[in-house]
Amino acid sequence: TYQQRRVVQLILRGHSTLSISKIIGATEGTVKIHRKNIYRRLGISSQSELFNRFIKSLFSADSP
């Protein structure tokens, strides 16, 4: 969803759950649910795995 993509962008920029909630105008609980759903969709279980996926996608985008 759009909101999940926005949450991912903010996570990758280093924002905390509290900061994200203030930016998108949602409760911290809602942001936590978005994070849980994002991780489930991607088959990951941590923020570090999200960063790892992002870095890998950068390198794969450079490959011909």
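Along each chain, the written sequence defines residue order, and numbers are assigned to residues from 1. Note on the predicted model: pLDDT of at least 70 is required for a residue's local features to be given, and 80 or more for side-chain atom pairs to be given and counted; whole-chain, interface and lining totals, by contrast, use all residues. Hydrogens and waters are ignored; side-chain quantities use all the structure's heavy atoms.

Draft legend 1. Just the nonpolar core, in detail. In terms of nonpolar packing, the biggest core is built from 11 residues, these being Val7, Val8, Leu10, Ile11, Ile20, Ile24, Val31, Ile38, Tyr39, Ile44 and Leu50. Here a helix means four or more residues in a row that DSSP labels H or I, a strand means two or more in a row labelled E, and each is numbered from the N terminus. Going through the elements one at a time, helix H1 (2-12), helix H2 (17-24) and helix H3 (28-42) are the ones with two or more residues in this core. At 4 residues, the largest contribution of residues to this core is made by H1. Put simply, buried Ala, Val, Leu, Ile, Met, Phe, Trp, Tyr and Cys residues joined by side-chain atoms within 4.5 Å make one nonpolar core. Summary of the burial criterion: residues with accessible area below 20% of their type's maximum are buried, those above 50% are exposed, and those between are partly exposed, where the area comes from a 1.4 Å probe applied to protein chains only.

Draft legend 2. Summary view of H2. Along H2, the residues that are buried comprise Thr17, Ile20, Ser21 and Ile24. Along the long axis of H2, the arc covered by the buried residues comes to 100°, so they all point the same way. Contacts: residue pairs with any heavy atoms within 4.5 Å of one another. In the core, the buried residues of H2 are packed alongside H1 and H3. Just beyond H2, the residue with positive phi is Gly25, at close to 70°. The directions from the helix axis to the C-beta atoms are what the arc is built from.

Draft legend 3. The confidence of the model for the protein chain, seen in detail. pLDDT runs from 0 to 100 and stands for how confident the predictor is about each residue. Across the protein chain, pLDDT averages 93, with 94% of residues at or above 70. Here helix H4 (residues 47-62) stands out as the element of the protein chain with the lowest mean pLDDT, 88, in contrast to H2, whose mean of 98 is the highest.

Draft legend 4. Representation of the environment of His15 in the model. Assignment of secondary structure puts His15 in the loop between H1 and H2. Those residues within four positions of His15 in sequence are excluded, and the remaining contacts are Leu10, Ile20, Ile23 and Arg35. Polar contact is the term for a pair of N or O atoms within 3.5 Å; when the atoms are in protein, one must be able to donate a hydrogen and the other to accept it, and sequence-neighboring residues count only if both atoms are side-chain atoms. At 2.7 Å, the side chain of His15 forms a polar contact with the side chain of Ser19.

Draft legend 5. Up close: the environment of Glu28. Within the secondary structure, Glu28 is located in helix H3. Among the residues examined, Glu28 registers a relative accessible area of 38% and is labelled partly exposed. With 30 residues separating them in the primary sequence, Glu28 and Leu58 have C-alpha atoms 29 Å apart. Once residues within four sequence positions are removed from consideration, Glu28 is found in contact with Thr17, Leu18 and Ser21.

Draft legend 6. Fine view of the packing of H2 against H3. Where H2 meets H3, the closest approach of the two axes is 8 Å, and the angle between their N-to-C directions is 105°. By the criterion of interaxial angle, the relationship of H2 to H3 is roughly perpendicular. Packed against H2, whose contacting residues are Thr17, Leu18, Ile20, Ser21 and Ile24, the element H3 presents Glu28, Val31, Lys32 and Arg35 at the interface. Residue classes follow a fixed rule: Ala, Val, Leu, Ile, Met, Phe, Trp, Tyr, Cys and Pro count as nonpolar, while Asp, Glu, Lys and Arg count as charged, and any other residue, Gly among them, counts as polar. A breakdown of the residues in the contact of H2 with H3 according to their chemical character gives 4 nonpolar, 2 polar and 3 charged. Only the stretch in contact is used when a helix axis is fitted, and all axes are lines through C-alpha atoms; the angle between N-to-C directions ranges over 0 to 180 degrees. The scheme is simple: roughly parallel for angles under 35 degrees, roughly antiparallel for over 145, roughly perpendicular for 65 to 115, oblique for anything else.

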